[in-house]
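# Coordinate inspection notes
Here are the chains, one letter per residue:
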Amino acid sequence: MTKISLSFDDGRKDNYVAAKEILEPLNIPATFNITIGYVEKTPNIEKPSEHIPMSIDELKDLYNNNNNLFEIAGHGYEHNNDVDNLIKGVNELRKVLNISDKQKLGIVSPHSEFDTDTLPNVIKKLKDNNICYLRVGKNFANNVFMRKAVRKINRKLNIPSIFSWSYKDSDIKNTDEFLLYSSGAIKDTKLKELKRLVSDAIKNDKSYIICFHSILKKDEPFYDDLFTWDYNDFLEFCKYLKKLRDDNKIEICKTIDLINN
Ligand SMILES: [Zn+2]
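Here's a quick rundown of the structure. On a predicted model such as this, the values are computed, not experimentally measured, just so you know.

Another aspect to go through is the overall build of the chain. Tallying secondary structure elements over the chain gives 10 helices and 11 strands in all. What you see for the chain is a C-alpha radius of gyration of 17 Å, in line with the 18 Å of a compact globule of 261 residues. Its C-alpha atoms give the chain principal-axis dimensions of roughly 45 × 45 × 35 Å. Split into buried and exposed, the 261 residues of the chain put 55% on the buried side. Residue pairs in contact within the chain that sit at least 24 positions apart in sequence constitute 76% of those at least 6 positions apart. Total accessible area on the chain stands at roughly 12,100 Å², and carbon and sulfur atoms take up 49% of it. Measuring between centres, the 40 positive side-chain charges of the chain sit 4 Å from its 40 negative side-chain charges.

What follows is about a positive patch on the surface. A surface patch of positive charge is lined by Lys148, Lys152, Arg155 and Lys156. Examined against the element boundaries, Lys148 turns out to sit in helix 6 (residues 144-157).

This next bit is on the packing of helix 3 (residues 56-63) against helix 4 (residues 83-97). It is at 10 Å that the axes of helix 3 and helix 4 come closest, and there the two elements cross at 85°. Comparing their axes, helix 4 and helix 3 come out roughly perpendicular. Across the interface between the two elements, Ile56, Leu59, Lys60 and Tyr63 of helix 3 pack against Leu93, Val96 and Leu97 of helix 4. Residue composition of the contact of helix 3 with helix 4, grouped by class: 6 nonpolar, no polar and 1 charged.

To continue, consider the nonpolar core. Judged by nonpolar contacts, the single largest core of 66 residues is most densely connected at Leu6, Leu23, Phe32, Leu134, Phe212, Phe234 and Phe237. Looking at this core, the element that brings in the most residues is helix 4, giving 7 residues. If near-sequence neighbours (up to four positions away) are discounted, Phe237 is found in contact with Leu6, Leu191, Leu194, Lys195, Val198, Ile210, Phe212 and Trp229. Among the nonpolar cores identified, the runner-up in size contains 10 residues, and Tyr133, Leu180, Ile256 and Ile259 belong to it.

Mapped onto the elements, Lys20 comes out in helix 1 (residues 13-26). A sequence separation of 52 residues divides Lys20 from Ile72, and the C-alpha atoms of the two residues are 15 Å apart. Sequence-distant contacts of Lys20, defined by excluding residues within four places in its chain, comprise Pro25 and Asp61. Side chain to side chain, Lys20 and Glu24 meet in a polar contact 2.9 Å long.

In this description, a pair of aromatic rings is defined by centroid distance and the angle of the planes. Considering all chains together, one arrives at 8 aromatic pairs under this definition. With centroids separated by 5.1 Å and ring planes inclined at 15°, the aromatic side chains of Phe8 and Phe32 adopt a geometry described as stacked. With Phe8 in strand 1 (residues 2-10) and Phe32 in strand 2 (residues 30-34), this pair connects stretches of sequence that are 24 residues apart. A residue is classified by how much of its surface remains accessible, and Phe8, at 0% relative accessible area, is buried. For the pair Phe212 and Trp229, a centre-to-centre distance of 5.6 Å together with 55° between the ring planes defines the contact as tilted. On the criterion of sequence distance, the pair formed by Phe212 in strand 8 (residues 208-212) and Trp229 in strand 10 (residues 228-230) is long-range, its members being 17 residues apart. The exposure classification of Phe212 matches that of Trp229, with both residues buried. An aromatic cluster is defined as three or more aromatic residues linked by ring pairs; in this entry it consists of Phe8, Phe32, Phe70, Phe212, Trp229, Phe234, Phe237 and Tyr240. We note Lys88 situated over the ring of Tyr77; from NZ or CZ to the ring centre the distance is 4.0 Å. Just above the ring of Tyr231 sits the side chain of Lys217; from NZ or CZ to the centre is 4.4 Å.

Three or four residues apart is the spacing at which side chains of an α-helix point the same way, because the helix has 3.6 residues per turn. Among the residues of helix 5 (residues 119-128), Leu119, Val122, Ile123 and Leu126 are the ones counted as buried. End-on, the buried residues of helix 5 take up no more than an arc of 95°, which puts them together on one face. Within helix 5, the exposed residues directed more than 90 degrees away from the buried face are Pro120, Asn121, Lys124 and Asp128. Directly beyond the C-terminal end of helix 5, a positive phi value near 65° is found at Asn130.

Here the focus is the packing of helix 1 against helix 9 (residues 231-246). Taken N-terminus to C-terminus, the directions of helix 1 and helix 9 make an angle of 15°; their axes are 10 Å apart at the nearest point. Comparing the axis directions of helix 1 and helix 9 gives the class roughly parallel. In terms of crossing hand, the pair formed by helix 1 and helix 9 is right-handed. Taken together, the residues of helix 9 that come into contact with helix 1 (itself represented by Ala18, Glu21, Ile22, Leu23 and Leu26) are Tyr231, Phe234, Leu235, Cys238, Lys239, Lys242 and Arg245. Looking at the contact of helix 1 with helix 9 residue by residue, the class counts come to 8 nonpolar, no polar and 4 charged.

Thresholds, definitions, all that
- Residues numbered from 1 in each chain as written.
- Predicted model: local features only at pLDDT ≥ 70, side-chain atom pairs only at ≥ 80, totals over all residues.
- Heavy atoms only, no water.
- Helix = DSSP H or I, 4+ residues; strand = E, 2+ residues; numbered from the N terminus.
- Rg over C-alpha atoms; globule rule 2.2 N^0.38 Å.
- Buried < 20%, exposed > 50% of the residue type's maximum accessible area, 1.4 Å probe, protein only.
- Contact = heavy atoms within 4.5 Å.
- Areas by Shrake-Rupley, 256 points an atom, 1.4 Å probe, with all protein chains shown as cover.
- Lys, Arg positive; Asp, Glu negative; His and termini not counted.
- Charge placed at Lys NZ, Arg CZ, Asp CG, Glu CD.
- Patch = residues over 30% accessible without salt bridge, like charges linked within 9 Å, V, L, I, M, F, W, Y side chains within 5 Å.
- Salt bridge = Lys/Arg side-chain N within 4 Å of Asp/Glu carboxyl O.
- Axes fitted to C-alpha atoms, helices over the stretch in contact; angles between N-to-C directions.
- Parallel < 35°, antiparallel > 145°, perpendicular 65-115°, else oblique.
- Nonpolar A, V, L, I, M, F, W, Y, C, P; charged D, E, K, R; others polar.
- Core = buried A, V, L, I, M, F, W, Y, C linked by side-chain atoms within 4.5 Å.
- Polar contact = N/O pair within 3.5 Å; in protein donor to acceptor, adjacent residues only side chain to side chain.
- Phe/Tyr/Trp six-rings, centres within 6.5 Å; stacked < 30°, edge-to-face > 60°.
- Lys NZ or Arg CZ within 6 Å of the ring centre and 35° of its normal.
- Arc of directions from axis to C-beta.
- Left-handed = near helix turned anticlockwise from the far one by under 90°.

This is the structure:
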């Protein structure tokens, strides 16, 4: 069955609000990828954005929520891709949330850039540190440049079938199960495009991780940022997913659950 995993990058405060106001009431699981130095407000580090981070208490609240609805994954201590920084971030997350070294955690790459030469060493180091997946933005497989170019053009056209096609390679079943790919919703992404991605996934028995950054209402600061998605659209998308789940057409799961079966 098609699986859809919703994933939120950075540890932004608005992610916590969306979790409490939308995801929890609809019983929709999700994964939160935390740049822990950003959440801890460590001075002079590379931050993911100027947005307000969630607080440590809010992070703990997400992790400890009653239904085990939410997954916490690493997203660097600082917001960069250096492998030691990624591991430092996960170790700090373990400390703050009281997660044992034996429990496997996932990592989402900030900026999603790795070069294919160094990737095997990165993966080995992460596995040695009990990391069970690395989610990157792009698939290194065929057609990646063409799909990327088409995706860029379609940001203005917003044709749902083209949007869906451009993420064809990001199907999780196309991975070696340590490297995971994702599809992203940014400012220019329309609700109808995400819906088409999901309906095509059902048709073709594919599974996707859909990645968000900020979820904001029209009158909030940063609403016009490239990485913001509209609160009401997000609410409607979640209701659409819930309906599909109620009709037994999809499963909605945490990213870590994609690799456990
Ligand atoms: Zn990020």
